[in-house]
Amino acid sequence: MADAFDLVVIGAGPGGYECAIKAAQLGLRVAVIEKRDRLGGTCLNVGCIPSKAMLHASELFHEAGTSFEDMGIEVPKPKLNLQQMLAFKDEAIDGNTKGIEFLFKKNKIEWVKGEGQIEAPGKVKAGDRTLETKSIVIATGSDVAKLPGVEIDEKTVVSSTGALELGKVPGKLLVVGGGVIGLELGSVWGRLGAEVTVVEFLDNILPGTDGEVVKNFTRTLKKQGFSFRLGTKVTKVEKAKSGVKVTVEPAKGGEAEILDADIVLVAIGRVAYTQGLGLDKAGVKTDKRGRVEVDASFKTNVDGIYAIGDVIAGPMLAHKAMEEGVALAERLAGHYGAVNYDVIPGVVYTSPEVASVGKTEEQLKEAGIDYNAGKFPFTANGRAKANKTTEGFVKILADKKTDRVLGVHIIGVGAGELIAQAVVAMELSSSSEDIARMCIAHPTMSEAVKEAALAVTGSPIHM
Ligand code: FAD
Ligand code: NAI
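Residues numbered from 1 in each chain as written. Chains lettered and ligands numbered in written order. Predicted model: local features only at pLDDT ≥ 70, side-chain atom pairs only at ≥ 80, totals over all residues. Heavy atoms only, no water.

Caption draft 1: Local environment of the site of ligand 1. Lining the immediate environment of ligand 1, one finds 38 residues, of which Glu 34, Thr 42, Lys 52, Gly 116 and Ala 318 sit closest. Taking Lys 35, its main chain carries an N or O atom lying 3.3 Å from a nitrogen atom of ligand 1. Between Leu 317 and ligand 1, the recorded distance is 3.3 Å, taken from a backbone N or O atom to an oxygen atom. Considering ligand 1 on its own, with 1,000 Å² of exposed area, one finds that the protein chains cover 94% of that surface. Listing elements by their share of the shell around ligand 1, those giving two or more residues are helix H1 (14-25), strand E2 (30-34), helix H2 (41-46), helix H3 (48-66) and helix H9 (318-332). (Near = heavy atom within 4 Å. Polar contact = N/O pair within 3.5 Å; in protein donor to acceptor, adjacent residues only side chain to side chain. Areas by Shrake-Rupley, 256 points an atom, 1.4 Å probe, with all protein chains shown as cover. Helix = DSSP H or I, 4+ residues; strand = E, 2+ residues; numbered from the N terminus.)

Caption draft 2: Just the state of the cysteines, in detail. Under the counting rule described, the total for this entry stands at one disulfide. Here Cys 43 connects covalently by a disulfide to Cys 48, the sulfurs 2.3 Å from one another. Judged by the sign of its S-S torsion, about -130°, the cystine formed by Cys 43 and Cys 48 is left-handed. For Cys 48, a relative accessible area of 27% puts it in the partly exposed group. Looking at the unpaired Cys 19, the closest cysteine sulfur is the one in Cys 43, lying at 16 Å. (Disulfide = S-S within 2.5 Å. Buried < 20%, exposed > 50% of the residue type's maximum accessible area, 1.4 Å probe, protein only.)

Caption draft 3: View of the sheet that holds strand E14 (residues 257-261). Ordered in space as E12-E13-E14, the three strands form an open sheet in which the pairing is antiparallel. Edge positions in the open sheet fall to strand E12 (232-239) and E14, since each of these has one partner strand only. With direction set aside, neighbouring strand axes in the sheet form an average angle of 30°. (Pairing = 2+ DSSP bridges. Axes fitted to C-alpha atoms, helices over the stretch in contact; angles between N-to-C directions.)

Interpretation in functional terms is not warranted from these geometric data alone.
Below you can see the structure in the form of structure tokens.
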């Protein structure tokens, strides 16, 4: 017999689980089909959470070996117990995924284990069950983008998933792709002792990030030991007796060169994942990049079928997926829900962190929008001086006529937390003067945001 629900969500990542919880809170009868043996999707199992646990642990390991002595803390040279560090990471996954299981039980959401396949609008198959439902939400996320001709064995040629599981620190780690994954996971293994080389196709790392930030960040990463081969493409990856031989050549063409590595991390982006979902049978349209097409209310071309998160267009970020999940649940329960795509922050959790929200200087110039820029370096911030975390700056871009904040870009320790101030300001359509007039606790790194705002139209106090 078929089971009847108001909503069946396929995929229990941040998009799917938040959609399910919100819908249940609003009174809908909800089931979630998830084929992994744990809830939480890419983010909790092989993405955001494990990578941040490894970034945290490796940063402390590095700091204990470098900056403790300056503060008068004398400890023996730290010794790495990698197995224990990986166990620490696994505990973080366990705690978080169990947390979602608890929330499902609390909200009476049924977790249907197995692969979901859409039979028709209103009907989803999972194993030997057929679930009948008013609405179907596709929240199946994304998968690693493959480099043509390169097999990822997750042992010597790895994706981010294998790079979170390496059994020993590689002597030489070659990262293909200077994006977020390459720089975060490159940082982890670099801090633990690997020699890290990043091969990036474009002339700069972190495409889409404010140019001034990228320049500053590249310099910092080089000081940390990163080597960059920019404007370079990988043409062949061959496994050797020990390690891997990687053939590279200039992106624009030219002489080839072979680089040796113990481990190669392929991090050239992610692609929407819709395998086995039955989209063709249901008649659901996808775009050229395989992403499910939706309208502004997350509806596909088929009535009663919706999609959210990495499987649709937009930044592949957990919080973007979550906001879409909540907005859609609200709509399905008869309320109004929407996502403000102009104010979605992005954070690179390296040391220092890079965080931004809104438009970059390059984007404003391209759009022909006149703006004022205010910048404040952490070298002039009292707390940063006390903590010896003076790298980086805050930059605020505001409309020249109206002073409305259009973009905020931060590089510095704790930038991922500081950016939340900018998100609040932009969500409330604040001017730079609004931020400049707020009373911010002293001494905090947050004062640099206020000072940057003061710099937009006048001058900061501490410079
Ligand atoms: P996913 O999290 O991918 O979840 C989809 C789920 O659907 C999966 O569990 C999958 O098993 C399941 N599924 C697929 N098909 C079916 C089917 N037919 N039936 C049943 N189940 C199915 N984002 C950030 O914002 N911050 C970060 O710090 C961050 N770090 C990251 C680090 C790494 C290494 C990676 C790889 C990604 C990171 N991301 C980060 C991106 C983030 O993980 C994704 O944007 C987010 O997980 C997308 O959520 P989602 O719900 O759309 O899909
Ligand atoms: P990405 O899109 O961030 O970066 C990929 C990089 O690879 C780009 O710089 C691109 O120019 C380069 N590239 C593409 N093809 C190449 C080739 N053949 N040779 C050399 N370089 C090539 O993708 P990444 O780092 O794989 O991350 C995937 C997704 O996961 C991102 O969309 C990101 O949003 C998300 N993510 C988010 C994190 C965060 O929010 N902190 C952390 C990790 C991942």
